[in-house]
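Letter by letter, the chains look like this.
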Amino acid sequence: MLKEEVSRYYSDIMEKEPDVSASIAAISTLLKLLEHDKSETVQELDLNLQSAVEVITNTSFRVTGVSSGCALFMRFITFAKLDNITFADCKKVMLDRGKVFLKKLTEARNKVAKITLPFFVDGINILTHSKSRVVLEAMKLAVNSQKRFHVYVSESAPDKSGIEMYNCLKKLSIPCTLILDSAVGYIMERVDMVMVGAECVVESGGIINKIGSCTMAICAKELKKPFYVLTESYKFSRMYPLNQKDLPNNFKYTANNLNDDNLLNAHPSVDYTHPSYISLLFTDLGILMPSAVSDELIKLYL
């Protein structure tokens with residue numbers, strides 16, 4: 001596949017399949033490349049895959065979770081590089097392992113939802129931010145399990161993704177209220193918990209998520225409300241930011257904005273939430289304290 005074909009294939013998935021996360025779209029693209037690649041050596045195939053990852057991260061879509069998913073995918077299929085087998089056999093094993101890895105990823109969201117279900121106590125009020133597919137899946141499972149709860153959704157400027165989340169909840173007949181981002185502090189005393197997704201979980205146990213998540217977490221901490229993060233383990237990343245300035249520009253801005261001469265005029269799309277503000281992380285690996293993330297990352301990359 002040429003670079004243009006990689007970009008087009010990835011963009012088509014992102015535009016036509018709204019329920020698919022950027023990480024899964026990226027890995028599906030890499031699998032497609034693996035199927036059609038004409039390389040004759042493992043080194044050449046590696047270079048082509050790395051080149052495809054670079055193309056994907058330079059598209060106009062947010063790439064915060066893409067780098068960690070692709071890194072885990074490359075690590076997982078790399079185990080196929082065994083001695084005493086032909087390149088054709090090696091490529092077949094890599095393709096088979098890639099398909100297994102993608103299947104595990106697609107099942108992760110449902111696992112997180114099942115783990116979260118006991119925390120949906122009848123009558124609770126939940127505050128959420130932006131649109132998270134895994135949070136939506138958890139709430140869908142909860143309402144199908146006859147749980148009764150109310151959701152407050154911040155509209156999540158500047159892209160208003162919270163409005164999309166609100167509309168999704170309405171379609172599921174889940175009682176919900178759309179609030180202004182500036183009303184988070186006001187509404188916090190009414191809620192029993194905050195439940196958000198994550199675009200990336202870093203080594204410290206903190207998260208990188210839609211801008212405004214950090215503000216919500218600080219308010220929750222001050223008013224002693226639990227701040228829960230629902231996320232798949234393929235979003236775990238070997239990064240260790242200490243503050244907002246440590247976030248890479250390609251995480252905070254799209255490729256289109258990065259081409260601008262003055263990033264000061266661009267609105268960052270994500271922020272960093274320190275682990276001290278996070279109560280628990282609900283993942284397909286189980287329920288984790290933020291301090292346990294580094295240990296899980298070691299296991300993932302062993």
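What counts as what
- Residues numbered from 1 in each chain as written.
- Predicted model: local features only at pLDDT ≥ 70, side-chain atom pairs only at ≥ 80, totals over all residues.
- Heavy atoms only, no water.
- UniProt positions renumbered as here; feature names shortened; annotations may be inferred.
- Pairing = 2+ DSSP bridges.
- Helix = DSSP H or I, 4+ residues; strand = E, 2+ residues; numbered from the N terminus.
- Phe/Tyr/Trp six-rings, centres within 6.5 Å; stacked < 30°, edge-to-face > 60°.
- Buried < 20%, exposed > 50% of the residue type's maximum accessible area, 1.4 Å probe, protein only.
- Lys NZ or Arg CZ within 6 Å of the ring centre and 35° of its normal.
- Axes fitted to C-alpha atoms, helices over the stretch in contact; angles between N-to-C directions.
- Parallel < 35°, antiparallel > 145°, perpendicular 65-115°, else oblique.
- Left-handed = near helix turned anticlockwise from the far one by under 90°.
- Contact = heavy atoms within 4.5 Å.
- Nonpolar A, V, L, I, M, F, W, Y, C, P; charged D, E, K, R; others polar.
- Polar contact = N/O pair within 3.5 Å; in protein donor to acceptor, adjacent residues only side chain to side chain.
- Salt bridge = Lys/Arg side-chain N within 4 Å of Asp/Glu carboxyl O.
- Core = buried A, V, L, I, M, F, W, Y, C linked by side-chain atoms within 4.5 Å.

Taking an unreviewed UniProt entry as the reference, the chain is identified by name as Translation initiation factor eIF2B subunit alpha belonging to Sipha flava. The Sequence similarities (unreviewed entry) comment attached to the chain in UniProt states, word for word, "Belongs to the eIF-2B alpha/beta/delta subunits family." Turning to the chain, the UniProt annotation filed under Subcellular location (unreviewed entry) states: "Cytoplasm, Cytosol".

**Describing the sheet that holds strand β5 (residues 200-201)**
Read across the sheet, three strands follow the order β5-β6-β8 without closing on themselves; strand pairing throughout is antiparallel. Either end of the sheet is taken by a strand with one partner, and the two such strands are β5 and β8 (270-273). Two elements, β5 and strand β6 (residues 207-210), share two bridges in a ladder whose sense is antiparallel. Note on β6: the bridge partner recorded for V201 is I207.

**What to know about the packing of aromatic side chains**
Counted according to the given criterion, the structure contains six aromatic pairs. With 5.9 Å between their ring centres and 55 degrees between their planes, F73 and F101 make a pair best called tilted. Pair noted here: F73 is in helix α4 (residues 66-78) and F101 is in helix α5 (residues 87-116), with a separation of 28 residues, a long-range link. You can call F73 buried: its relative accessible area is 0%. Their ring planes at 35 degrees and their centres at 5.2 Å tell us that F76 and F101 sit as a pair that is tilted. Here the residue F76 occupies a position in helix α4, and F101 occupies one in helix α5, the gap between them amounting to 25 residues. Each member of the pair, F76 together with F101, is buried. Each member of the aromatic cluster is reached from another via a ring pair, and the members are F73, F76 and F101. Taking the ring centre of F76 as reference, the NZ or CZ of R97 above it sits at 4.3 Å.

**Description of the packing of α4 against α5**
Their axes nearest at 9 Å, the elements α4 and α5 cross at an angle of 135 degrees. In terms of axis orientation, α4 runs oblique to α5. Between α4 and α5 lies a crossing whose hand is right-handed. Between α4 and α5, the residues in contact are G69, L72, F73, F76 and I77 and M94, R97, G98 and F101, respectively. When its residues are assigned to classes, the contact of α4 with α5 shows six nonpolar, two polar and one charged.

**So, the environment of S130**
Within the secondary structure, S130 is located in the loop between β1 (124-129) and α6 (133-144). When its relative accessible area of 6% is taken as the criterion, S130 is described as buried. Sequence separation of S130 and V42 is 88 residues, and the distance between their C-alpha atoms is 41 Å. A distance of 2.7 Å separates a polar atom in the side chain of S130 from a polar atom in the side chain of S161.

**Overview of the pairing of β6**
On a regular strand, one side chain projects to one face of the sheet and the next to the other, so that they alternate. From the end of β5 to the start of β6, which pair antiparallel, there are five residues, and G205 there has a positive phi angle of about 100 degrees. For β6 and β8, the ladder comprises four bridges, and the chain directions are antiparallel. Counted as the bridge partner of N209 is D271 from β8.

**Concerning the pattern of salt bridges**
One pass over the full model with this rule turns up nine salt bridges. Here E164 makes a salt bridge to K131, at a shortest N to O gap of 3.0 Å. Of this pair, E164 sits in helix α7 (residues 161-171) while K131 sits in the loop between β1 and α6, and the two are 33 residues apart along the sequence. Assessed through its relative accessible area of 22%, K131 is described here as partly exposed.

**Brief notes about the nonpolar core**
In this structure, Y10, L127, I207 and F227 are the most contacted members of the largest nonpolar core, which totals 61 residues. In contact with Y10, not counting residues within four places along its chain, are A22, A25, A26, T29, I56, T59, F61 and V66. Judged by nonpolar contacts, the second largest core, of 26 residues, contains I126, A142, C168 and M195.

**Section: the side chain of N209**
Locating N209 in the fold gives a position in strand β6. A polar side-chain atom of N209 sits 2.9 Å from a polar atom in the side chain of S213. Setting aside chain neighbours within four positions, we find N209 in contact with V196, G197, A198, E199, S269, V270 and D271.

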